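Residue-level listing of the chains:
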Amino acid sequence: MRTHRLIPSLLLLGSLSMATACSSGSSGTAGDETAAARPGSSATASPVRPVDPSKIKGLEIVSDNSENASCAWATSYPDVPGATAAADAMKKDVETRLAAFRELCADGDVGGAELNISHEFLVASGDVLGVRLTTLGGGGAGSGLARRTYWYDGGAGAYRTALDLIDTGSRDAFLAALRTRLKGRDGTDEQTLEQAFADRSVLAGELDDMAFTADGGLRVTFDPGAVGAVPAGSYVVTLPKETVTPWLSAFGRRAQRQSVSPAGSLDLGATATPTPAVPTHTASGDDDTDCKKVKCVALTFDDGPSATYTANLLRYLAQNHARATFFTVGQNVVAHPALVRAEVRAGNEVGNHSYSHPDLTKLSSEQVAYQLNRTSAAIKAATGTAPALYRPPYGAINSTVRRATHLSPVLWTLDTEDWKYPDATKVAQFVVSKVKRNDVVLMHDIHPTSVAAVPEILRALTAKGYHFVTVSHLRATM
Ligand code: ZN
């Protein structure tokens, strides 16, 4: 019987910063798992071919974050045109986990834990989409590390689970091969394997993370506790191409082919791929506002860019000759680099808000550096310039975080709590009534209501004599 237990999120969050978790079940303790998960260690090298999400037409990253360290959660999943059934499956899983977590928060029962669901693309070419969601923490029973892969078969127009990669007639042989390869690994024994493999319906639930390596092998990852003791961490079994190929379903073979040699483009049979126009506004020269002489305010927008809302926000700012600062999340920057370029072109400042929005104070120094460096590299690749500023998710910062980066931290002086109150009128009224000279205002451009509040904020504050400048400009001239 599988046993769930509460694992300190401190340990688990270690694997946040890596694409694929530890490579084998050979480690003896949870601490070792974290060590193996450390970015830069050879164990983290993912043999899965990387996918450039900016090439996926009409891609939307659906994200929702709290900005509250006492109930810290950040979730994201991709919505790819055509693959609605896959997005629906991810949405359902994300919403179920988030609802359970928020209930714990409401009961005051969360004990400092955090929920973080991040995404990565495994395949996005031809008629195959493969995505992995990685869930960390969550608090309470069932908490821990869970990875699941979601597949979409554009040829059949159908959502596929990981196990659908294997032909139904070959599953016995497939399971026997997995069991043979798990035998003798540290942290598992004959009896545990016997139990894990006894109930096929339970096992099918555990076999929910499979991905093809660049050379056509199949990598199967078991979450902690699935086939061994929880502290032993994840177990990864890679079946070589020649072993697994005869057992693949027709879809599995197409997914394997796209993993080995991806086609140039992705076609999932979408009837429309909405690609919102990216604003082309170009700032005329440097901002010469002198915040010593005039009233300034720095509006800041976190967690984007959002394919759905950021373009509108940029238009509102440009129409009002206003500049702002965007603290972008790396996994959204790689999905929408053109929007980040448009932010900079219009005279705004782009800062770093980590890659997948974890509480950085729960990470090691190396992991903090990985979260920030990966994001700075994505911003530089998009805009040509690396950021100078970062804002730690949840505003959570300590000396380890500060020492891990040369970026300058930026918190805020006015928190709109716009993520909590999705009401444009309320957000606008709050800012207009509370703002003071030289305030740094915290907002989020992943919420439609926050973006909808901006025209009124700009109008009312302009009437009161305010100028809208970037954080670096404010710091340099106040
Ligand atoms: Zn945030």
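Just so we're clear, the structure is a prediction, and the values are computed from it rather than from any experiment.

## What about the overall build of the protein chain?
Each helix and strand in the protein chain was counted, giving 16 helices and 17 strands. A fraction of 71% describes how many contacts in the protein chain between residues 6 or more apart in sequence connect residues 24 or more apart. In the structure as shown, the protein chain presents an accessible area of about 18,900 Å², 51% of it carried by carbon and sulfur atoms.

## Notes on the packing of aromatic side chains
In this structure the tally under the stated criterion is 6 aromatic pairs. Their ring planes at 85° and their centres at 6.4 Å tell us that Trp73 and Trp419 sit as a pair that is edge-to-face. Taken together, the residues span a long stretch of sequence, with Trp73 in strand 2 (residues 72-79) and Trp419 in the loop between strand 15 (414-415) and helix 14 (424-434) at a distance of 346 residues. With centroids separated by 6.5 Å and ring planes inclined at 75°, the aromatic side chains of Phe174 and Trp247 adopt a geometry described as edge-to-face. Pair noted here: Phe174 is in helix 4 (residues 171-182) and Trp247 is in the loop between helix 7 (241-244) and helix 8 (250-260), with a separation of 73 residues, a long-range link. Neither Phe174 nor Trp247 differs from the other in exposure class; each is buried.

## A short note on the sheet that holds strand 1 (residues 60-65)
Strand order in the open sheet made by the 6 strands is 1-2-3-4-5-6, with mixed pairing throughout. Edge positions in the sheet fall to strand 1 and strand 6 (158-160), since each of these pairs with one other strand and no more. When strand polarity is set aside, the average angle formed by the axes of neighbouring strands in this sheet is 20°. Taken together, the 10 bridges between strand 4 (residues 128-137) and strand 5 (residues 144-153) define a ladder with antiparallel strand orientation.

## Quick look at the environment of Val62
With respect to the helices and strands, the residue Val62 is situated in strand 1. Accessibility expressed as a relative area gives 25% for Val62, which makes it partly exposed. Counting along the chain gives 246 residues from Val62 to Thr308, while the straight-line C-alpha distance between them is 9.4 Å. When neighbours within four sequence positions are excluded, Val62 is seen to be in contact with Thr75, Ser76, Tyr77 and Asp79.

## Focus: the nonpolar core
Ranked by internal contacts, the top residues of the largest apolar core, which has 36 residues, are Trp151, Phe174, Leu178, Leu207 and Phe222. Put simply, the parts of the chain that give this core at least two residues each are strand 3 (114-125), helix 4, helix 5 (190-198), strand 7 (210-212), strand 8 (218-222), strand 9 (235-239) and helix 8. With 5 residues, the single largest contributor to this core is helix 4. Once residues lying within four places of it in the same chain are set aside, the contact partners of Leu207 are Ala162, Leu163, Phe174, Leu175, Leu178, Val220 and Phe222. Counting 30 residues, the second largest nonpolar core, distinct from the first, contains Tyr77, Ala83, Val110 and Ile117.

## Observations regarding the side chain of Glu114
Among the structural elements, Glu114 can be located in strand 3. Within the structure, the side chain of Glu114 is placed 2.8 Å from the backbone nitrogen of Asp359, a separation counted as a polar contact.

## Topic: the state of the cysteines
Counted according to the given criterion, the structure contains 2 disulfides. With a sulfur-sulfur separation of 2.0 Å, Cys71 is cross-linked through a disulfide to Cys105. Across the disulfide from Cys71 to Cys105, rotation about the S-S bond amounts to roughly 95°, and the bridge is consequently right-handed. In this pair, Cys71 is assigned in the loop between strand 1 and strand 2 and Cys105 in helix 3 (residues 84-106), connecting sequence segments 34 residues apart. Taken individually, Cys71 and Cys105 each receive the classification buried, so the pair is uniform in this respect. Once the disulfide-bonded cysteines of the protein chain are ranked by sequence position, their pairing pattern turns out to be 1-2, 3-4.

## Observations regarding the packing of helix 4 against helix 5
Packing of helix 4 against helix 5 brings their axes to within 11 Å, and their N-to-C directions diverge by 160°. Classified by the angle between their axes, helix 4 and helix 5 sit roughly antiparallel to one another. Both helix 4 and helix 5 take part in a crossing whose hand is right-handed. Each of Leu175, Leu178, Arg179 and Leu182 in helix 4 lies in contact with helix 5, whose residues at this interface are Glu190, Leu193, Glu194 and Phe197. Of the residues in the contact of helix 4 with helix 5, the class split is 5 nonpolar, no polar and 3 charged.

## Focus: the pairing of strand 2
In terms of burial, strand 2 is a largely internal element, 7 of the 8 residues being buried. Inspection of the sheet shows strand 1 paired to strand 2 by 6 bridges, in the antiparallel sense. Pairing of Ile61 across the sheet is with Pro78, part of strand 2. As consecutive antiparallel partners, strand 1 and strand 2 are separated by 6 residues.

## So, the coordination of the zinc ion
The protein atoms that coordinate the zinc ion are Glu67 (OE), Asp303 (OD), His353 (NE2) and His357 (NE2), at distances of 2.1 to 2.2 Å. For the zinc ion, the 4 donor atoms are set out with angles of 86 to 124° between them, so the coordination reads as tetrahedral. In primary-sequence terms, the residues that donate to the zinc ion follow E-x235-D-x49-H-x3-H. On the basis of relative accessibility, which here comes to 0%, the residue His353 falls in the buried class.

## Looking at the confidence of the model for the protein chain
Per-residue confidence for the protein chain gives a mean pLDDT of 88, with 89% of residues at or over 70. Low confidence marks residues 1-46, where pLDDT is under 50. Its contacts with residues over four positions away, or in another chain, come to 97 contacts.

## What about unusual backbone geometry?
With an omega dihedral of 0°, the bond running from Gly304 to Pro305 counts as a cis peptide bond. Positive phi values are uncommon outside glycine, yet Asp303 reaches one of about 80°. The topology assignment puts Asp303 in the loop between strand 10 (295-302) and helix 9 (310-319).

Definitions and cut-offs
Residues numbered from 1 in each chain as written. Predicted model: local features only at pLDDT ≥ 70, side-chain atom pairs only at ≥ 80, totals over all residues. Heavy atoms only, no water. Helix = DSSP H or I, 4+ residues; strand = E, 2+ residues; numbered from the N terminus. Contact = heavy atoms within 4.5 Å. Areas by Shrake-Rupley, 256 points an atom, 1.4 Å probe, with all protein chains shown as cover. Phe/Tyr/Trp six-rings, centres within 6.5 Å; stacked < 30°, edge-to-face > 60°. Buried < 20%, exposed > 50% of the residue type's maximum accessible area, 1.4 Å probe, protein only. Pairing = 2+ DSSP bridges. Axes fitted to C-alpha atoms, helices over the stretch in contact; angles between N-to-C directions. Core = buried A, V, L, I, M, F, W, Y, C linked by side-chain atoms within 4.5 Å. Polar contact = N/O pair within 3.5 Å; in protein donor to acceptor, adjacent residues only side chain to side chain. Disulfide = S-S within 2.5 Å. Parallel < 35°, antiparallel > 145°, perpendicular 65-115°, else oblique. Left-handed = near helix turned anticlockwise from the far one by under 90°. Nonpolar A, V, L, I, M, F, W, Y, C, P; charged D, E, K, R; others polar. Donors = N, O, S within 2.8 Å, 3.2 Å for Na, K, Ca; no water. Tetrahedral: all angles 85-135°; square planar, octahedral: opposite > 155°, others 65-115°. pLDDT = per-residue confidence, 0-100.

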